[in-house]
Amino acid sequence: MTVTQDIRVDTEEDILGLYRAHLSKGRATLAELFGSHMEVSSAGNWVTTSDGERFLNAGGYGVFIMGARHPIVMEHVERQLRTHPAATRILLEPTVARAAEALVSVMPPGLDRVHFALSGAEAVETGLKLARANGFKRTVSMRGGYHGKTLGALSATAKDVYQKPFRPLIPDVTHLPFGDADALEEELRAHPGEVCVILEPVQGEGGVIIPPRGYLKRVEELVRAYEGFLILDEVQSGMGRLGEWWGADIENVVPDVLLAGKALGGGVLPVSAAVATRKAFRPFDKDPYVHTATFSGQPLLMAAVQGAVQAIQEERLVTRAMDLGARLLPKIAEIARRNIPGLVVDVRGRGLLIGVELTEAGLAGELLIELFNHGVVANHSMNGNSVVRFTPPATLTELDEQFLLDSFDKATLDLVAGSARMPEGGSN
C-alpha cells in the first residue's frame, strides 16, 4: 500500500499563525524576537533554517553532546524502526535489556537497576517516588536548582514564578542554599531517617553554578550519617557534559538514585532514566506494576540509548568534552573581559557547560539575540535569567570552535554598541 500526500510548503508566517492558534502565543512572540527563523534540518553541530541559513548549535539545553543525527545513533534507531519500534510490554524484549546493560556499564559502581522514561521530569518523579516508597517523606532540594515542572518535580524546583500558579504543591519540601553543607546537616539532624536530598552536581538552569570543592562528597557523607536518601539529578550534567561521564564521578559519589536524560537519547529521541542501587530499587522489584509508563523502555528509544552510549565511548566524547571545555572557557572569559567589562559579572563552567553572567537579565536576552545574528544558538538559564549558557557538542571541529569564539567576539561588541544607544536606565 502506497501512501501519497500533497507536498505542503510552510512559510514562517504559516507556522507563527499555527503557534498562536494551537500552541503558545508567548512562544510565537519569542520566535519573532529571533527573526521568525524556522529550523527544518540538522546534522552534526549545525542546524539549518527554511531560508538556508546555518547556525552552530551551542544550545539545545544539553541534549546534543554528540551533535544531531550522529551516524551511530541513527544506525541503531533506523534498524529498530524497520523491525520492531514498539513493544507489547508483556513479552521479553531484548532492546530494553541491552540498553539497561549499556547504561549501567558507565554508571558509578552499585547503580545497577534502571527505570526508563521519556522526560527528565519523569525521571525526577521516579526518584522521588522511590524515596517515598522507601519511607523518606521529607524532601530537601537546593535554591536555584531545577528538576522539571511536573507536580512532584516542581515542588523540588525552587523558583517562585514556576511554583506560584500551582500551589499547594507536595508538602514537606525544604529549599536550602546550594553549596552550604552546614545548612544541610542542620536539616538532616532535625529529621534523621526521614529526608530525601535531591540536587544537581552543577546547577545548569540555575546559571551554571558550581559548588565548592568537596561539597558533593560532604553531602553524601551527611546523608549517610543521618540515614537519608540521596538523588543526584544529572539530566543535564551527565553523559559527558562536565568532562566526566557523570558529575558524581568528579568526587566519587554514589547516590541512591542517579537521574539521566537529555543526551541519553543521542540527540535523536526523548529518553530519560532513573538508575538506582538494588536497595533503593527494592519497592519496584517487589511489585513491577507499582510504577509504570506505557512508553517506558520502548524498543525504538532503547536503540537510541545503546547508540548514544556506543558513540560516546567509541569517539571518546567524555575526554573531548573535558579538553574542548578547557580551551573554550578561558577564551570566552577573555573575550568577555575585553569587550564587555562593565556588563559581565562572571564567566564560569565545567566541561561543556559554560555560563556567561551579565549584570541584568535584559542584557542576557540581547546577547542571545546578537549571538543568533552571528550564527550561534545558545540558551538562557531558567533559574538564572542573567546567564547565557553554552552547551556545545563535544564533536566541534577546530573550525567550529573558532566560529563559536569569533561569533561571541562579534556578538559582545554588538552588545556594547546596542547598550550605548539605549536611553539611560538600561535595557528594555
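A brief look at the structure comes next. Because the structure is predicted, anything quoted here is derived from the model rather than measured.

## Some remarks on the side chain of R389
Next, step 1: By the element assignment, R389 lies in strand β15 (residues 384-390).
Next, step 2: Of note is the side chain of R389, whose polar atom sits 3.5 Å from the backbone oxygen of G204.
Next, step 3: Polar side-chain contacts of R389 include one of 2.7 Å to the side chain of E205.

## Structural notes on the layout of surface pockets
Next, step 1: What the largest pocket holds in volume is close to 1300 Å³.
Next, step 2: The wall of the largest pocket is formed by 36 residues, among which R27, L30, F34, E39 and V377 lie closest to the centre.
Next, step 3: Of all the secondary structure elements, the ones that give two or more residues to the lining of the largest pocket are α1 (12-22), α2 (25-33), β1 (39-43), β2 (46-49), β3 (54-57), α13 (361-373), β13 (376-377) and β14 (379-381).
Next, step 4: No other element matches the 7 residues that α13 contributes to the lining of the largest pocket.
Next, step 5: Looking at the lining of the largest pocket residue by residue, the class counts come to 21 nonpolar, 11 polar and 4 charged.
Next, step 6: Its volume calculated, the second largest pocket comes out at about 860 Å³.
Next, step 7: Around the second largest pocket, the lining is made up of 28 residues, and of these R89, V96, V114, H115 and S296 lie nearest the centre.
Next, step 8: Elements with a minimum of two residues in the lining of the second largest pocket: α4 (94-104), β4 (113-117) and α10 (278-286).
Next, step 9: For the lining of the second largest pocket, the element with the most residues is α4, which contributes 5 residues.
Next, step 10: Of the residues that constitute the lining of the second largest pocket, the class distribution is 15 nonpolar, 6 polar and 7 charged.

## A short note on helix α8 (residues 181-190)
Next, step 1: Taken together, the buried positions of α8 are A181, A183, L184, E185, E187 and L188.
Next, step 2: The secondary structure elements touched by the buried residues of α8 are β5 (138-142), β6 (173-176), β7 (195-199) and α9 (215-225).
Next, step 3: By the N-cap criterion, in which a side-chain oxygen at the helix start approaches the backbone nitrogen of a residue two or three places on, α8 is capped by D180, the distance to D182 being 3.1 Å.

## Structural notes on the sheet that holds β5
Next, step 1: Read from one edge of the open sheet, 7 strands run β4-β10-β9-β8-β7-β5-β6, paired in mixed fashion. This sheet does not close on itself; its edge strands, each paired only once, are β4 and β6. Between one strand axis and the next, the sheet turns through 20° on average, direction left out of account.
Next, step 2: In the sheet, β7 pairs with strand β8 (residues 229-233) via 4 bridges, with the strands oriented parallel. In the strand pairing of β8, I198 is matched with I231.
Next, step 3: Sheet strands touched by α4: β4 and β10 (272-276). Its angle to β4, the strand with the most contacts, is close to 115°.

Rules used in this analysis
- Position labels on residues start from 1 in each chain and follow its written sequence.
- For a predicted model such as this one, the threshold for reporting local features is a pLDDT of at least 70, and the threshold for listing and counting side-chain atom pairs is 80 or more; totals across whole chains, interfaces and linings nevertheless cover every residue.
- Side-chain measures were taken over the full set of non-hydrogen atoms in the model, leaving aside hydrogen atoms and water.
- For the purposes of this entry, the term helix denotes a DSSP run of H or I that reaches at least four residues, the term strand denotes a run of E that reaches at least two, and both are numbered from the N terminus.
- Under this definition, polar contacts are N or O atom pairs within 3.5 Å; protein pairs additionally need one hydrogen-donor-capable and one acceptor-capable atom, and for neighbouring residues in sequence, both atoms have to be side-chain atoms.
- Grid spacing is 1 Å over the protein atoms alone, the probe is 1.4 Å, and a cavity is where that probe fits but cannot get out, while a pocket is an open set with protein on both sides within 12 Å along at least five of seven lines and lining residues have an atom within 4 Å of a point.
- Grid points are joined across faces, edges and corners, and a volume is the space filled by probe spheres set on the points.
- Polar here means any residue other than Ala, Val, Leu, Ile, Met, Phe, Trp, Tyr, Cys and Pro, which are nonpolar, and Asp, Glu, Lys and Arg, which are charged; Gly is therefore polar.
- Exposure categories follow from relative accessible area, calculated using a 1.4 Å probe and restricted to protein chains: below 20% of the type maximum is buried, above 50% is exposed, and the middle band is partly exposed.
- Note on definitions: a residue-residue contact is assigned when non-hydrogen atoms from the two residues lie within 4.5 Å.
- The criterion for strand pairing is that DSSP finds at least two bridges linking the strands in question.
- To obtain an axis, a line is fitted to C-alpha atoms, over the contacting stretch when the element is a helix, and the angle between two such axes runs from 0 to 180 degrees between their N-to-C directions.

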